[in-house]
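Residue-level listing of the chains:
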Amino acid sequence: MGRLDGKVIIVTGGATGIGLGISSRLAREGASVVIAARNAARGTAAAAGISEAGGEALFVATDVAKETDCEAVVAATVERYGKLTGLVNNAGIFPRSTLEATTEELWDQIHAVNLKGPFFMCKHSVPHMRASGGGSIVNIGSANSYIGLPHLFAYSVAKGGLVTLTRNLSNALAQDRIRVNFLNPGWVITDMEIEIQALEGHDAEWIENAGRNLPLGRHQVPDDAAWACVFLLSDESSQTSGDLLNVDGRGPR
Ligand SMILES: NC(=O)c1ccc[n+]([C@@H]2O[C@H](COP(=O)([O-])OP(=O)(O)OC[C@H]3O[C@@H](n4cnc5c(N)ncnc54)[C@H](O)[C@@H]3O)[C@@H](O)[C@H]2O)c1
């Protein structure tokens, strides 16, 4: 018996990094997982990996910045599995840029993926969750949602918007038994994070030391966020909505 038996869950950006960790863990706990991601090769490989491990997964090529793609992945999910009970808005981009270095184009690009994508995905998922008698949405945020680093200006604002989206929809959808929560996954050393740290002149040793100096003594891993998702997407959290869950090992802030 898995903790997510019978659940049907879409994970955006679920083919790499934290999203892949979440997709894999949800499937191991019994959910049917739909990986909504842009890269067909990676998405197909991620779904195949889950199937080989005995889980159920489907890849649907999706650009979350396009409303038609978001509508289509939800339709494909319901067509394949007959319902939709969960959504993880994980797809994100985090290019570094200060206020004055941020062009209008970069601002729009960052907001299109990190904030407009979750809006489109919620908009098209909610009617099916309502029809299923309820559902659970997890928005993957960041510690930058709260104040944010100067060189992550537009990203911080977009992730801050995700906090308000979470609280607003949690309030609006409670009567439909649809819960909406926010998850800060901490500092996870994915391939993308290694690339970005390298651009900032930080090598593997620097990254390792930085992890050791964190309050709980290490960087977070995709499974830290994935286990929190299992809880938030299962009936174990049926009275939890509108909450911000920090899985960043930093303690009180
Ligand atoms: N890595 C960290 O330390 C960290 C910290 C806090 C928050 N986060 C958040 O966690 C989430 C996952 O990030 P990650 O670290 O695993 O990075 P990642 O780059 O490995 O994963 C992001 C995924 O989103 C996908 N994606 C990007 N644009 C998309 C689009 N338009 N449509 C569909 N998919 C798209 C990418 O292809 C990729 O698969 C992001 O929302 C990120 O902001 C990461």
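Quick caveat: nothing in here was measured; it's all calculated off a predicted structure.

Asker: Which parts of the structure should I look at to understand the overall build of the chain?
Answerer: When helices and strands are counted, the chain shows eight helices and seven strands. For a compact globule of 253 residues, the expected C-alpha radius of gyration is about 18 Å, and the chain comes in at 17 Å, within 12% of that figure. Taken over the C-alpha atoms alone, the chain extends approximately 50 × 35 × 35 Å along its principal axes. The 253 residues of the chain split such that 43% are buried. Sequence separation of at least 24 residues holds for 74% of the intrachain contacts in the chain that already meet a minimum separation of 6.

Asker: Is there a simple way to think about the site of the ligand in this case?
Answerer: Around the ligand, the surrounding shell holds 28 residues, and the nearest of these are Gly-13, Gly-17, Ala-91, Gly-92 and Met-192. For the shell around the ligand, the secondary structure elements donating two or more residues are helix H1 (17-28) and helix H6 (191-199). When residues in the shell around the ligand are grouped by element, the largest group, three residues, is from H1. The residue inventory of the shell around the ligand, partitioned by class, reads 14 nonpolar, eleven polar and three charged.

Asker: Looking at this structure, how should I read the domain arrangement of the chain?
Answerer: Bring the parts together and some accessible area is lost; that lost area is often taken as the interface size. The domains assigned to the chain are domain 1 (8-185 + 221-241) and domain 2 (190-219). Relative to domain 2, the C-alpha centre of domain 1 lies at a distance of 24 Å. Each partner contributes to the interface: domain 1 provides four residues, whereas domain 2 provides four residues. In terms of residue class, the side of domain 1 that touches domain 2 is made up of one nonpolar, two polar and one charged.

Asker: Teacher, can you tell me more about the environment of Ser-24 here?
Answerer: Locating Ser-24 in the fold gives a position in helix H1. By the C-beta count within 10 Å, which is 22 here, Ser-24 ends up buried. Measuring from C-alpha to C-alpha, the distance between Ser-24 and Gly-55 comes to 8.2 Å, with 31 residues separating the pair along the chain.

Asker: What should I look at first to understand the pairing of strand S3 (residues 56-61) in this one?
Answerer: On a regular strand, each side chain points to the face opposite its neighbour's, so the side chains alternate between the two faces of the sheet. Across six bridges, strand S2 (residues 32-37) lies against S3 in parallel orientation. Within S3, the residue paired with Ser-32 across the bridge is Glu-56. In this fold, the crossover linking S2 to S3 by way of helix H2 (residues 40-52) has right-handed handedness.

Asker: Explain the environment of Ala-27 to me, please; I cannot follow it from the model alone.
Answerer: Relative to the helices and strands, Ala-27 is located in helix H1. Exposure remark for Ala-27: the 25 C-beta atoms within 10 Å place this residue in the buried category. With 71 residues separating them along the chain, Ala-27 and Thr-98 place their C-alpha atoms 39 Å apart. Those residues in contact with Ala-27, other than ones at most four positions away along the chain, are Val-33, Ile-50, Gly-55, Glu-56 and Ala-57.

Rules used in this analysis
Residues numbered from 1 in each chain as written. Predicted model: local features only at pLDDT ≥ 70, side-chain atom pairs only at ≥ 80, totals over all residues. Helix = DSSP H or I, 4+ residues; strand = E, 2+ residues; numbered from the N terminus. Rg over C-alpha atoms; globule rule 2.2 N^0.38 Å. Buried ≥ 20, exposed ≤ 12 C-beta atoms within 10 Å, placed from the backbone. Contact = placed C-beta atoms within 7 Å. Near = placed C-beta within 6 Å. Nonpolar A, V, L, I, M, F, W, Y, C, P; charged D, E, K, R; others polar. Domains from an automatic or database assignment. Pairing = 2+ DSSP bridges. Right-handed = clockwise from strand over helix to strand, strands pointing away.

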